[in-house]
Amino acid sequence: MADNEHADIKMSTDSKSRKNLDYLQKMKDKGEKIVQMCPAELGPFFALAAEMVGCDICRIPHMISTRTGTTAEEDKIGSRLTIKKFREYCKIIHINFYMPISMYADKVDAVKNGAELVFHGADSMLPMGVTNDVLKFMSDNYVPTYGHIGAISGWQTNATGYKRVGKTAEDAFKIFKWGYEYQENGMGGMTIELTPMEVSQAIAEKLRVPVVSIAGGAACDGSEMVDMDTFGVMPKPASHSKSYAALLPFLCEAYMGWLEDVREGDYPEDKHGYHMDPEELEKFNTMMDAFEG
């Protein structure tokens, strides 16, 4: 590795202004609500807007791993590029990176890859459905994790289904034990998804670390919503979502206005360009007329 290969990169944990796990823990301890967004396919510009108004966590997926046929090496390259691009836009918000399974299936790889991604700008890793032994190895080797319990999504959904969970006392207690074991094995916080409000609240109150709800009521330490829901982009809104803007009609209206102007000759206007000096223009026209291609 060249000495200056990463000269322009500042480790996430080396920034005193970053909303790291300790910052989030202090928010929980003070009873301040944590706001977590996930831009999904909408990209870093949306994360920038969220940071500007004070949102605390940005959960980002690897933008390539959702496609079929990617290799482990492509996952690594795509992960680094995704995090670096988001960090270019956002200097403060906590970036929680959704690791592809290929990067944490082995505990040694989990530490190696997690540490590298933190170096490239992430504040914590989300290894969805990680086992306790892998999690502990990551924690023992100082890789910060902020995970997920309750209903799980991603590749695991193929095996478990994506549905409401914790509806019986026994199932709810299993979810609590899941979160407790994650906490005891070093996880610095987690989201809890599609569990009854009472269960989400009880788990958030029982655990020391922050517990942010997805469809879990207002009594947790905060709330997460995916931007596709926030902006009303999904064809069928999720039951727990609340749309705050109709993004797609707004975008279509803007594109349609531009399209119509172009086709009707109203854009671009003379003021949208500039002109050549008349003498140079005359020379240019002479050269063009003389050209025989």
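Residues numbered from 1 in each chain as written. Predicted model: local features only at pLDDT ≥ 70, side-chain atom pairs only at ≥ 80, totals over all residues. Heavy atoms only, no water.

**Points about the packing of helix α3 (residues 72–89) against helix α4 (residues 107–119)**
Across the interface, α3 lies against α4 with an axial gap of 9 Å and an inter-helix angle of 25°. Classed by the angle they form, the pair α3 and α4 counts as roughly parallel. α3 and α4 meet at a crossing whose hand is right-handed. Contacts between α3 and α4 involve Lys76, Ser79, Arg80 and Ile83 from the former and Asn113, Glu116 and Leu117 from the latter. Of the residues that constitute the contact of α3 with α4, the class distribution is 2 nonpolar, 2 polar and 3 charged. (Axes fitted to C-alpha atoms, helices over the stretch in contact; angles between N-to-C directions. Helix = DSSP H or I, 4+ residues; strand = E, 2+ residues; numbered from the N terminus. Parallel < 35°, antiparallel > 145°, perpendicular 65-115°, else oblique. Left-handed = near helix turned anticlockwise from the far one by under 90°. Contact = heavy atoms within 4.5 Å. Nonpolar A, V, L, I, M, F, W, Y, C, P; charged D, E, K, R; others polar.)

**Examining helix α7 (residues 169–184)**
Its 16 residues give α7 an end-to-end C-alpha distance of 22 Å, which sits within 8% of 22 Å, the value for a rise of 1.5 Å per residue. Among the residues of α7, Ala172, Ile175, Phe176, Gly179, Tyr182 and Gln183 are the ones counted as buried. Looking straight down α7, one finds that the buried residues subtend no more than 125° of arc, so they occupy a single side. Residues of α7 that are exposed and point over 90 degrees away from its buried face: Glu170, Phe173 and Lys174. Summarising the contacts, the buried residues of α7 are in contact with α5 (132–140), β5 (147–150), β6 (190–193) and α8 (197–206). Just downstream of α7, Gly186 is the residue with a positive phi angle, here 105°. (Expected span 1.5 Å × (residues − 1). Buried < 20%, exposed > 50% of the residue type's maximum accessible area, 1.4 Å probe, protein only. Arc of directions from axis to C-beta.)

**Here's the deal with α3**
Given 3.6 residues per turn, any residue in an α-helix points the same way as the ones three and four places further on. Spanning 18 residues, α3 covers 26 Å between terminal C-alpha atoms, matching the ideal 26 Å at 1.5 Å per step. Taken together, the buried positions of α3 are Asp75, Gly78, Ser79, Thr82, Ile83, Phe86 and Arg87. Buried positions in α3, seen along its axis, are confined to an arc of 160° and lie on one side of it. Against α2 (44–53), β2 (57–61), β3 (94–98) and α4 lie the buried residues of α3.

**Some details on the environment of Ser79**
Counting through the fold element by element, Ser79 comes out in helix α3. Distance from Ser79 to Asn113, taken between C-alpha atoms, is 9.6 Å for residues 34 residues apart in sequence.

**A look at a nonpolar patch on the surface**
Together, Leu248, Phe250, Leu251, Tyr255, Trp258, Val262 and Tyr267 give the surface a local cluster of nonpolar side chains, amounting to about 750 Å² of exposed area. Along the chain, Leu248 turns up in helix α10 (residues 247–264). (Patch = residues over 30% accessible without salt bridge, like charges linked within 9 Å, V, L, I, M, F, W, Y side chains within 5 Å. Areas by Shrake-Rupley, 256 points an atom, 1.4 Å probe, with all protein chains shown as cover. Salt bridge = Lys/Arg side-chain N within 4 Å of Asp/Glu carboxyl O.)

**Points about unusual backbone geometry**
Of note, the amide linkage connecting Tyr267 to Pro268 takes the cis form, showing an omega dihedral of 0°. Along the chain, the position of Pro268 falls in the loop between α10 and α11 (278–290). Not every positive phi belongs to a glycine, and Ala40 is a case in point at roughly 50°. Along the chain, Ala40 turns up in the loop between β1 (34–38) and α2. Its relative accessible area of 15% is what places Ala40 among the buried residues. Residue Tyr142 is not a glycine yet carries a positive backbone phi of 65°. By secondary structure assignment, the location of Tyr142 is in the loop between α5 and β5.

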